[in-house]
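# Examining the three-dimensional arrangement
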Amino acid sequence: MGIRGELYTTQVTLTNRSYFFNVKENRTGDVFLQIVESKNGKEGIERDRHQIAVFEEDMQKFFAGMDESLKFIQKNKKERDKLRAERKAAKDAKYSSDGIAGKKRYKLKAEDPDARPVDPNAPKKTGRIHVVSKRSNK
């Protein structure tokens, strides 16, 4: 038996957290699974550490509940992916022209049939703000 009653340990390392799955035996000989989540903070300093223990007699019920949750997640993901694909298809159909999906078509001012003819004597719009003072110079 290892340090602190450890029989077996495996680690899963992710970007900002690690999971440890420790199979342990306590002083009375009970075998249990300890799941530890360790989150890294700024500069790699360990901040949060959470753990749960599942005893041998409860593992079947625990894993049955976990399996149900995983099945729900997978089913829900398929539904969300289907809905996302439908939304994307509707958006592509809305913006497509000439049956080309995925390509957005923008109207140019020259193509706009409702565009008014430009008055050559009108001041040009440069995008700058022109401020006129209303103060009188006395």
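Let me sum up the structure you'll find in this document.

Conventions used here
Residues numbered from 1 in each chain as written. Predicted model: local features only at pLDDT ≥ 70, side-chain atom pairs only at ≥ 80, totals over all residues. Heavy atoms only, no water. Helix = DSSP H or I, 4+ residues; strand = E, 2+ residues; numbered from the N terminus. Buried < 20%, exposed > 50% of the residue type's maximum accessible area, 1.4 Å probe, protein only. Contact = heavy atoms within 4.5 Å. Areas by Shrake-Rupley, 256 points an atom, 1.4 Å probe, with all protein chains shown as cover. Phe/Tyr/Trp six-rings, centres within 6.5 Å; stacked < 30°, edge-to-face > 60°. Pairing = 2+ DSSP bridges. Salt bridge = Lys/Arg side-chain N within 4 Å of Asp/Glu carboxyl O. Patch = residues over 30% accessible without salt bridge, like charges linked within 9 Å, V, L, I, M, F, W, Y side chains within 5 Å.

## A closer look at the overall build of the chain
When you go through the chain residue by residue, the secondary structure sums to one helix and four strands. Listing every helix and strand of the chain by position from the N terminus yields β-β-β-β-α. Counting the 138 residues in the chain, one finds 10% classified as buried. Considering only contacts in the chain between residues 6 or more positions apart, those separated by 24 or more positions represent 11%. For the chain, the accessible area works out to roughly 13300 Å², and carbon and sulfur atoms hold 52% of it.

## Here we look at the side chain of Lys24
Relative to the helices and strands, Lys24 is located in strand S2 (residues 17-25). Setting aside chain neighbours within four positions, we find Lys24 in contact with Arg4, Gly5, Glu6, Leu7, Asp30, Val31, Phe32 and Gln34.

## Structural notes on the packing of aromatic side chains
Tallied over the full model, the rule gives two aromatic pairs. A ring pair is formed by Phe32 and Phe55, whose centres lie 5.2 Å apart and whose planes are at 45°; its orientation type is tilted. With Phe32 in strand S3 (residues 31-40) and Phe55 in strand S4 (residues 46-55), this residue pair connects regions lying 23 residues apart in the sequence. Ring geometry for Phe62 versus Phe63: centroids 5.3 Å apart, planes at 75°, classification edge-to-face.

## Overview of the pairing of S2
Here seven bridges tie strand S1 (residues 6-13) to S2, and the two strands are oriented antiparallel to one another. From the neighbouring strand, Thr10 faces S2, where its bridge partner is Phe21. Adjacent in sequence and paired antiparallel, S1 and S2 are bridged by three residues. Here nine bridges tie S2 to S3, and the two strands are oriented antiparallel to one another. Looking across to S3, one finds that Val23 is bridged to Leu33. Turn length for the S2-S3 hairpin, with the two strands adjacent in sequence and antiparallel, is five residues, and the turn residue Gly29 shows positive phi of about 95°.

## Thoughts on the pattern of salt bridges
In the structure shown here, the tally under the stated rule is four salt bridges. Where Glu37 meets Arg17, a salt bridge forms, and the shortest distance between an N and an O atom there is 2.5 Å. Of this pair, Glu37 sits in strand S3 while Arg17 sits in strand S2, and the two are 20 residues apart along the sequence. The class of Arg17 is partly exposed, set by a relative accessible area of 22%.

## Overview of the environment of Lys39
Secondary-structure assignment places Lys39 in strand S3. Through-space distance from the C-alpha of Lys39 to that of Arg49 is 6.4 Å; in sequence the pair is 10 residues apart.

## Details of a nonpolar patch on the surface
A grouping of Phe63, Met66, Leu70, Phe72 and Ile73 is seen on the molecular surface, where their side chains present a nonpolar patch of about 470 Å² in accessible area. Looking at the secondary structure, you find Leu70 in helix H1 (residues 59-95).

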